[in-house]
Amino acid sequence: MRYYIAADGGGTKLQVILYNEDLEIINTAKSTGTNFLFKPKSDVEKEIDELTEKLIPKSITEIEAVDLMLVGGSRIFIDAVSSRCTVKDISYRGEGATPLAASGYLYGITAQAGTGSDAFMVQPDDRFLIGGWGAILGDEGGGYDIGLNSLKAAIYSFDGRGENTLLYDLIMEEWKLSSLWDLVSVIHNDPDYRRLVASVSYITEKAAKMGDQIALRIYENAAHAMSLQVFAAINRYGGNWTGPIVTSGGAWKGSRHMFDTFSKDIRNKYPEAEIIFPVFEPVIGCIVLRMCEKDEGFINKFDKNRASLEEIFKDYLYRKSF
């Protein structure tokens, strides 16, 4: 029996699946983010070592292939797996390619809004990204940006510099603050402040569902920021592309308003554009790409096999909150 590993990691989480050649899941594991820019390398090493220890049974001594898409930590992950068993093949998958594959496509555009943000053009003859500059220089439209703007909106409401918003009360309640000023120490004393700020997007989601206009406006602005990145990618490629635009990442899951605003932006310029959510989380894209290497026609059978794939990987469906 041949065994495979698929791994996807970024600013917030690392998801890993150990499976066999019959697409049977043997084991799964999950930890927090892998990006060295926002987390000490020693912490990443420790978490990955603990994760692989739990993931790989001692009875498995050989891994046929590892397919991974990690923002930071790739070498650490491979070394950790290799210390426990023989790895015959390694494929580094593109951050834009895995969400497309998880949707049943090899080519298209990925509008990635996770903790950070970027737009990926993935075509037969070219691959490049727009954005991805990180929390200080970019990340417009991602979870960090949404969370930061939500915190600022609460501060502006408190100060009287901005409109009243439910975000103030919800943040006070969710974080159990006695004073909004406590935000300063809470955020600045957290070594992984980027993940903490991005987690505020779940509060934004709640406020938007309650009809808060400021929260809805934050989602609108995030959508505009994402469409701007996609337009830049399309312009660089010459205006025509193959495949859909896939909206991947956790930020899209919070509010339909963000997706609808983004879709309107895109279709105002490109009426025929196909804009979709992924079927699965990106880690399943690693598996799909592996299957495509074993069987070139696998991607063409994705829709036909979708029901069975959804049953096998039901825990990795791209689940929205709306």
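Above: the structure in question.
Trainee: I'd love a proper account of the overall build of the protein chain, names of residues and values included.
Mentor: Counting its secondary structure elements, the protein chain contains 13 helices and 12 strands. Since a compact globule built from 322 residues should have a radius of gyration of about 20 Å, the 20 Å found for the protein chain is in line with a globular shape. If you line up the protein chain on its principal axes, its C-alpha atoms span 65 × 45 × 35 Å. Buried positions account for 55% of the 322 residues belonging to the protein chain. Of all intrachain contacts in the protein chain linking residues separated by at least 6 positions in sequence, the fraction that spans at least 24 positions is 67%. When the accessible area of the protein chain is evaluated, it comes to approximately 15,000 Å², of which 49% is carbon and sulfur surface.

Trainee: A description of helix H10 (residues 213-237) should follow, citing residues and the corresponding values.
Mentor: Residues spaced three or four apart along an α-helix point in a common direction, a consequence of the helix completing one turn every 3.6 residues. Spanning 25 residues, H10 covers 36 Å between terminal C-alpha atoms, matching the ideal 36 Å at 1.5 Å per step. Measuring from the side-chain oxygen of the N-cap residue of H10 to the backbone nitrogen of Ile214 gives 3.2 Å; that N-cap residue is Asp212. Count one or two residues on from H10 and you reach Gly238, which has phi positive near 105 degrees.

Trainee: Let's hear about the pairing of strand S11 (residues 245-248): which residues, and what values?
Mentor: Neither face of S11 is left uncovered, since the one carrying Ile245 and Thr247 and the one carrying Val246 and Ser248 both have all their residues buried. The sheet contact formed by strand S8 (residues 108-113) and S11 spans four bridges and is parallel. By the bridge assignment for S11, Gln112 is matched with Ser248. Here S11 runs beside strand S12 (residues 275-276); their pairing, made up of two bridges, is parallel. Residue Ile245 lies in a different strand from S12, and its bridge partner there is Ile275. What joins S11 to S12 is helix H11 (residues 256-269), and the crossover it makes is right-handed.

Trainee: Could you give me a rundown of the sheet that holds S8, with the residues and numbers involved?
Mentor: As summarised here, the arrangement of the five strands in space is S10-S9-S8-S11-S12, forming an open sheet in which the pairing is mixed. The open sheet has two edge strands, strand S10 (126-131) and S12, and neither has a second partner. Two elements, S8 and strand S9 (residues 117-123), share six bridges in a ladder whose sense is antiparallel. Following the sheet pairing, Ala113 is matched in S9 by Ser117.

Trainee: Hey, could you go over unusual backbone geometry for me, with residue numbers and the actual values?
Mentor: Most peptide bonds adopt trans geometry, and most residues besides glycine take a negative phi value. The backbone of Asp139 shows a phi angle near 65 degrees, a positive value even though the residue is not glycine. Mapped onto the elements, Asp139 comes out in the loop between helix H4 (134-137) and helix H5 (143-159). Among the residues examined, Asp139 registers a relative accessible area of 3% and is labelled buried. The phi torsion at Lys176 lies on the positive side, around 55 degrees, for a residue other than glycine.

Trainee: Describe in detail the pattern of salt bridges, supporting the description with residues and values.
Mentor: In the structure shown here, the tally under the stated rule is 24 salt bridges. Here Glu50 and Lys46 are joined by a salt bridge, their closest N and O atoms 2.7 Å apart. One end of the pair, Glu50, and the other, Lys46, are both in helix H1 (residues 41-55), four residues apart, so they sit about a helical turn from each other. For the salt bridge of Lys301 with Asp295, the shortest nitrogen-to-oxygen distance reads 2.7 Å.

Trainee: Quick one: what's the story with the packing of aromatic side chains, residue by residue and with numbers?
Mentor: What the rule picks out here adds up to 11 aromatic pairs. Between Trp241 and Tyr270 the ring centres are 5.4 Å apart and the planes differ by 80 degrees, which places this aromatic pair in the edge-to-face class. On the criterion of sequence distance, the pair formed by Trp241 in the loop between H10 and S11 and Tyr270 in the loop between H11 and S12 is long-range, its members being 29 residues apart. Taking the centre distance of 6.4 Å and the plane angle of 85 degrees together, the rings of Phe280 and Phe302 count as edge-to-face. Taken together, the residues span a long stretch of sequence, with Phe280 in the loop between S12 and helix H12 (282-294) and Phe302 in the loop between H12 and helix H13 (306-312) at a distance of 22 residues.

Trainee: Help me get a handle on H5, residues and values and all.
Mentor: For H5, built from 17 residues, the straight-helix expectation of 24 Å at 1.5 Å per residue is met to within 8% by its first-to-last C-alpha distance of 24 Å. Within the span of H5, buried status applies to Gly143, Tyr144, Asp145, Ile146, Gly147, Ser150, Leu151, Ala153, Ala154 and Ser157. Gly160 occupies a position one or two residues after H5 and carries a positive phi of about 90 degrees.

Trainee: Hey, could you go over the environment of Arg319 for me, with residue numbers and the actual values?
Mentor: Mapped onto the elements, Arg319 comes out in the segment after H13. As for Arg319 and Glu281, which are separated by 38 residues in sequence, their C-alpha atoms are 8.6 Å apart. Discounting chain neighbours no more than four positions away, the residues touching Arg319 are Lys253, Glu281 and Lys314. At 2.5 Å, the side chain of Arg319 forms a polar contact with the backbone oxygen of Lys314.

Thresholds, definitions, all that
Residues numbered from 1 in each chain as written. Predicted model: local features only at pLDDT ≥ 70, side-chain atom pairs only at ≥ 80, totals over all residues. Heavy atoms only, no water. Helix = DSSP H or I, 4+ residues; strand = E, 2+ residues; numbered from the N terminus. Rg over C-alpha atoms; globule rule 2.2 N^0.38 Å. Buried < 20%, exposed > 50% of the residue type's maximum accessible area, 1.4 Å probe, protein only. Contact = heavy atoms within 4.5 Å. Areas by Shrake-Rupley, 256 points an atom, 1.4 Å probe, with all protein chains shown as cover. Expected span 1.5 Å × (residues − 1). Polar contact = N/O pair within 3.5 Å; in protein donor to acceptor, adjacent residues only side chain to side chain. Pairing = 2+ DSSP bridges. Right-handed = clockwise from strand over helix to strand, strands pointing away. Salt bridge = Lys/Arg side-chain N within 4 Å of Asp/Glu carboxyl O. Phe/Tyr/Trp six-rings, centres within 6.5 Å; stacked < 30°, edge-to-face > 60°.

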